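Here are the chains, one letter per residue:
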Amino acid sequence: MSDLSSIDLSVSWLGQTMPGCLYNASGVWCREEAELEAVRTSAAAAVISKSATLSAREGNPEPRYHRTALGSINSMGLPNHGFAYYLDYARRYDYGCGKPLFLSLSGMTLDDNLIMLRTLAAAGLPAIPEVNLSCPNVPGKPQLGYDFVTTTEALNAFDRAWPGRYGVKLPPYFDPAHFAAMADILNRHPRLAFVTCINSIGNGLVVDVDSESVTIKPKDGLGGLGGDYVLPTALANVREFYRLLPGKDIVGCGGVKSGKEAFMHILAGARAVQVGTCLHHEGPAAFARIAAELAALMLAKGYRSLEAFRGKLRTL
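What counts, and at which threshold
- Residues numbered from 1 in each chain as written.
- Predicted model: local features only at pLDDT ≥ 70, side-chain atom pairs only at ≥ 80, totals over all residues.
- Heavy atoms only, no water.
- Buried < 20%, exposed > 50% of the residue type's maximum accessible area, 1.4 Å probe, protein only.
- Helix = DSSP H or I, 4+ residues; strand = E, 2+ residues; numbered from the N terminus.
- Pairing = 2+ DSSP bridges.
- Right-handed = clockwise from strand over helix to strand, strands pointing away.
- Expected span 1.5 Å × (residues − 1).
- Contact = heavy atoms within 4.5 Å.
- Lys, Arg positive; Asp, Glu negative; His and termini not counted.
- Salt bridge = Lys/Arg side-chain N within 4 Å of Asp/Glu carboxyl O.

Colleague: How do you make sense of the pairing of strand β9 (residues 166-170) when you look at a structure like this?
Modeller: It is a general feature of regular strands that their side chains alternate between the two faces of the sheet. By the criterion of burial, β9 is predominantly enclosed, with five of the five residues buried. Burial along β9 is two-sided: the face carrying Tyr166, Val168 and Leu170 and the face carrying Gly167 and Lys169 are both buried. Pairing analysis gives three bridges linking strand β8 (residues 128-132) to β9, with the strands arranged parallel. When the sheet's bridge partners are listed, glutamate 130 is paired in β9 with glycine 167. As paired strands, β9 and strand β10 (residues 192-197) are joined by five bridges and run parallel to one another. The partner of glycine 167 across the bridge, within β10, is phenylalanine 194. Of the crossover connections in this fold, the one passing from β9 over helix α5 (residues 176-186) to the parallel β10 is right-handed.

See below:
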C-alpha cells in the first residue's frame, strides 16, 4: 500500500498554491504576533489574523470563553490590537513561505471597514482581506450578514474601496430562502472570490447545573457556539453556497477536530478548511495531526488529491 506521502493536500486558489488545505479560523491563535507566527511555522497552510477593528479593543469582560463536552461557547467581543498592528505584521510577513496571509476585518461601522480596505490597498501588500459580516458576540452590534439590504450596500462600497480579490465571512443560515437571497447578492460581485462558512452559531446558552449559573459573563450568558455543536450547520452552509456560488470558493469552518470532519467539509464543496475550537484547545500541533488523518482517510478511500472528491457529496 502507498504511504501518506503520495497524497496531495495542496490547494490552488486565489492565483497561488498553498501546501495544504488547513488553517486557523479568525479569532483563534491570531491576536498576538507570536500566535500568528506559531500558526505560520506549523503545518497550517495559511494564516488569518484576528478580526481587526480600526482601533484596539479589550473585548468583553471575563469569563467570556467556556469549554464544554461538545465544543465551546464564547462572547469575546472582538478583542484585538487594532488594524495598524495587523497591517504592520502584514508588512513584515514572510510571503516567501508559500502560505498566504489573510487579514480579517470587522469594522464597527461601514466607514471603518472602508478605511481599512483603502489603507491596505495603498500598502500594496499581497495580503488578502476577509471582511467579517458575522460578529455575533458584540453587545449592541447586529450581524451584518442577516441584513440583506445593508449587506448589499456594504459590498458595493467594498468593491469601490478594494481593487483586488477579497472574501467575506458569513453567519450561519438556516432557511433555503436565505441561502438563495444571500447567494444572489454575493454573485453580483465578481471580485468577491471566496466566502467562509460559518462563524459561530450566535446566542446559545450553556448552563452549569452544579452552580445553577450561566458559564460566561457577557450578555447574561449568551454566546457563540463552536465545535461539535455547529458541524451539521456548517456543512449545510458549505454545501448550499458551493451549489449557489459558481466560480467562487468556499472555505469551510465549523466543527473540525479530525481528518474526518475536514473530509466532510471538502466533500461538501470546501476549497480550504479552517480550524477553530479544536485549535483553541490543542494548539497549532492540531494541524499536523488533522492533515495526517485526512491523508490517511483519503488513502483508504483511494483518493490521491482533494480535487478527486471535492463537492461530490451524494444525495439519496
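Having put the structure on the table, let's press on.
Colleague: I tried to follow the sheet that holds β10 on my own but got confused; where do I start?
Modeller: Paired through backbone hydrogen bonds, the strands of a sheet run either parallel or antiparallel to each other. As summarised here, the arrangement of the eight strands in space is β3-β16-β15-β10-β9-β8-β7-β4, forming an open sheet in which the pairing is parallel. Pairing within the sheet leaves two strands with one partner each, and these edge strands are β3 (22-24) and β4 (47-48). Relative to strand β15 (residues 249-253), β10 runs parallel, the two sharing four bridges. Of the residues in β15, the one forming a bridge with valine 195 is isoleucine 250.

Colleague: Is there a simple way to think about helix α9 (residues 285-301) in this case?
Modeller: Every α-helix carries 3.6 residues per turn, so stepping three or four residues along brings you back to the same face. Helix length check: α9, at 17 residues, gives a terminal C-alpha distance of 25 Å against a target of 24 Å (1.5 Å per residue), a fit within 8%. Every buried residue of α9 is listed here: Ala286, Phe287, Ile290, Ala291, Leu294, Ala295, Met298 and Leu299. Where α9 is buried, its residues meet β3, α1 (33-40), α7 (259-268), β16 (272-275) and α8 (277-282). Note on α9: the residue one or two positions beyond its end, glycine 302, has a positive phi of about 85°.

Colleague: Could you clarify how one ought to interpret the side chain of lysine 248 in this entry?
Modeller: Topologically, lysine 248 is positioned in the loop between α6 (231-244) and β15. In this structure lysine 248 is buried but unpaired, with aspartate 159 as the nearest side chain of opposite charge at 8.3 Å. The residues touching lysine 248, leaving out its near neighbours within four places in the chain, are Leu186, Asn187, His189, Pro190, Leu192 and Ala193.

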